[in-house]
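Remarks on the overall topology
These are the residues of each chain, in order.
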Amino acid sequence: MGEDVKRTTYARVDRQEYRRKVQVCLDVFERMLAQSSFEFDHPLTGMEIECNLVDDAYQPAMKNSAVLDAIADPAYQTELGKYNIEFNVPPRQLGGDANRRLEDEVRASLNAAETKASAGGAHIVMVGILPTLMPEHLTNGWMSDSTRYVALNDSIFDARGEDIHIDIDGPEPLALVSADIAPESACTSMQLHVQVSPDEFAAYWNAAQVLAGPQLVLGANSPFFFGHQLWSETRIELFAQSTDTRPDELKTQGVRPRVWFGERWITSIFDLFEENVRYFPSLLPEVSAEDPVAELEAGRTPHLAELRLHNGTVYRWNRPVYDVVDGRPHLRVENRVLPAGPTVVDMLANAAFYYGMLRALADEDRQIWTRMDFAAAQRNFVEAARHGMRARLYWPGLDTVSTEQLVLGELLPMAYGGLDRWGVAPDIRDRLLGVIEGRVRAGQNGAAWQVSTTRALEQRGLDRPAALAEMLRLYCAHMHSNEPVHGWAVG
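You'll find the chain entered in an unreviewed UniProt entry as Glutamate--cysteine ligase, with Mycobacterium paraterrae given as the organism. Quoted verbatim from the Catalytic activity (unreviewed entry) field of the UniProt record, the comment on the chain reads "L-cysteine + L-glutamate + ATP = gamma-L-glutamyl-L-cysteine + ADP + phosphate + H(+)".

Next comes the structure, spelled out in C-alpha cells:
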C-alpha cells in the first residue's frame, strides 16, 4: 500500500506545510530530470502479487497477522484487509531464461507459504476478488492493524463528508452503502514494474495505457462480488468507487477521481507528477525532515518523500514511480491493471504478453498513440473490464474487432517481437505466449471459468453461496496444479 505513515490525524498547518514540501519536491524532480543520472543501464522488472486467505470451508480467514508470523519471510507483507497478504517478487532482468527461474521461485515460495499458512488453518488464494466474500465479512475487525490504513480510511471520508455508495451494473446489479473503505480490500491485483530511462518513460507509459484494455480482455478474473455476478473484472469499478473522495456535487463539476485512467498522452514523466500535485489534495500529509534542495545541491540523491507519498495516494492504473536504491535514482512504470491469478503460469503469461507488447509499441517508428485518441484507449479499458473475452476493442487500422481478431491477428506477433528485443529465450517466449494463444482460442480466462462453473453447480441444485464455495474449492485445486486456466474443465 506504499509509504508508511506515523499518524492518523492531521492539523491544518500539517496540510499547508505538506503542500509546500510537495511543490518543492516537484521543482527538485524537474531539475533532476534535466541534470541527474538515473539508473537504467540494466533495466529491471518486478512483480507484486496480492493474495487472499481462506479457511477450510473457503470462507475469508481474517488472520493475516498470524499467517505472516508463520511465513516469517520479508517478501510477504500485510495488505488492507485481514484476509489479504502481498508477495513481493525480487526485481530481475527480463532476458534469457529469467522467466523459467522466476516461475520456479514464485511457485516454490508460494507453496512454502501455503504449507506454513495451512498449519494455522488458512490457505492462500490468488484471485481478483474472493468469490465467497460477503457483506458480513466486512463489518467489525476486517482491517489490518496499520496506522496507514486507519489514516487513509479517515482521510477519504473526511474528504467525502458522507458514506460511499457502491453501484455496479452487470447481469446481477449491486447497490450498497459503506461507512468505510472495506470494499476496497476485496480488490487484489498483480502489479508489474519496468524500469525505464527518463527519455523513454513517456513512450512506455503511453504504451501501457494503450495495452490496458487488451490486458483485461485476456486476464479478467473478478466476476463476483458479495454473491453478485457483475463485470468480468469487477475489481476495476469496485476499486474506483470504494476509494472515491468526491461527493456527487464534485463529480458533477468534473473533479477528477483518485482512481484514474488519466486523460491525455504524455511527453514526460513530469507531466504525471505535475498533474498529481495540481489536481489532487493531500490524503496523508506526513512531512519529512529532508530538505530536497539542499540534498541535490550537496550532490546527494533526494528521496522526495512527500512527492512519493502523494503519488501513492493517486491510484492511476499505470502509475509513475520515482525510487532511490543504493543512492541511485530510477524511474518505473507500475502496471496495476491485472487481477491476481488464476495460476503462476497464467500470471507469467500475462506478464510476458505485457512486456512484449510494451517493448514493441514503445519501439515503433510511428507510435500507436499518434493514431489513437486517448478516449479510445479508455473506452477499451472499460469495455474489457465489463465483458472480458467477449469485449470488442478498437485498434488503429482495424477499427472495432473481436478479441480473437485483435490478439491472434495483430497483438501476439508484436508480443513475440517485443520479447525477442528483450532477449527472452525462445522456448520460454513460445511457452508463455502459447498460453495467451490457448486462452484466446478457448475463449476462457479466469472470469469466464468462474461464471461457467458457478452456473453449472447451480444447475445441479446448489444455491449461490454453496456454488461459490464449491467453485472456489475447484479453483484452488486447479491453481495448485499450475495448469493454465484455458484448459480447466467447467464444473
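Some remarks on the environment of Leu216
For Leu216, the location among the structural elements is in helix α5 (residues 198-219). Relative accessible area serves as the criterion here: at 0%, Leu216 is assigned to the buried category. Each C-alpha atom, one on Leu216 and one on Glu233, is 7.3 Å from the other, the two residues being 17 residues apart in sequence. Setting aside anything within four residues of it in sequence, one finds Leu216 in contact with Glu233, Ile236, Val337, Phe381, Ala384, Ala385 and Asn445.

Quick notes on helix α3 (residues 98-118)
Between its terminal C-alpha atoms α3 stretches 30 Å, which fits the 30 Å expected from 21 residues at 1.5 Å a residue. The set of residues buried in α3 consists of Ala98, Asn99, Leu102, Glu103, Val106, Ser109, Leu110, Ala113, Glu114 and Ala117. Looking down the long axis of α3, one finds its buried residues gathered within 145° of arc, a one-sided arrangement.

A look at the packing of helix α11 (residues 344-363) against helix α14 (residues 426-442)
For the pair α11 and α14, interaxial distance at closest approach is 8 Å and the crossing angle is 100°. When the axes of α11 and α14 are compared, the pair comes out roughly perpendicular. Contact with α11, carried on its side by Val345, Asp346, Leu348, Ala349, Asn350, Ala352 and Phe353, involves Arg431, Leu432, Leu433, Val435, Ile436 and Arg439 of α14 and no other residues of that element. Across the contact of α11 with α14, the residue classes break down as 9 nonpolar, 1 polar and 3 charged.

Remarks on the environment of Ala179
Here Ala179 lies in the loop between β6 (174-178) and β7 (190-196). The class for Ala179 is exposed, based on a relative accessible area of 56%. Separated by 15 residues in the primary sequence, Ala179 and Ile164 place their C-alpha atoms 6.4 Å from one another.

Rules behind the numbers
Residues numbered from 1 in each chain as written. Predicted model: local features only at pLDDT ≥ 70, side-chain atom pairs only at ≥ 80, totals over all residues. Heavy atoms only, no water. UniProt positions renumbered as here; feature names shortened; annotations may be inferred. Helix = DSSP H or I, 4+ residues; strand = E, 2+ residues; numbered from the N terminus. Buried < 20%, exposed > 50% of the residue type's maximum accessible area, 1.4 Å probe, protein only. Contact = heavy atoms within 4.5 Å. Expected span 1.5 Å × (residues − 1). Arc of directions from axis to C-beta. Axes fitted to C-alpha atoms, helices over the stretch in contact; angles between N-to-C directions. Parallel < 35°, antiparallel > 145°, perpendicular 65-115°, else oblique. Nonpolar A, V, L, I, M, F, W, Y, C, P; charged D, E, K, R; others polar.

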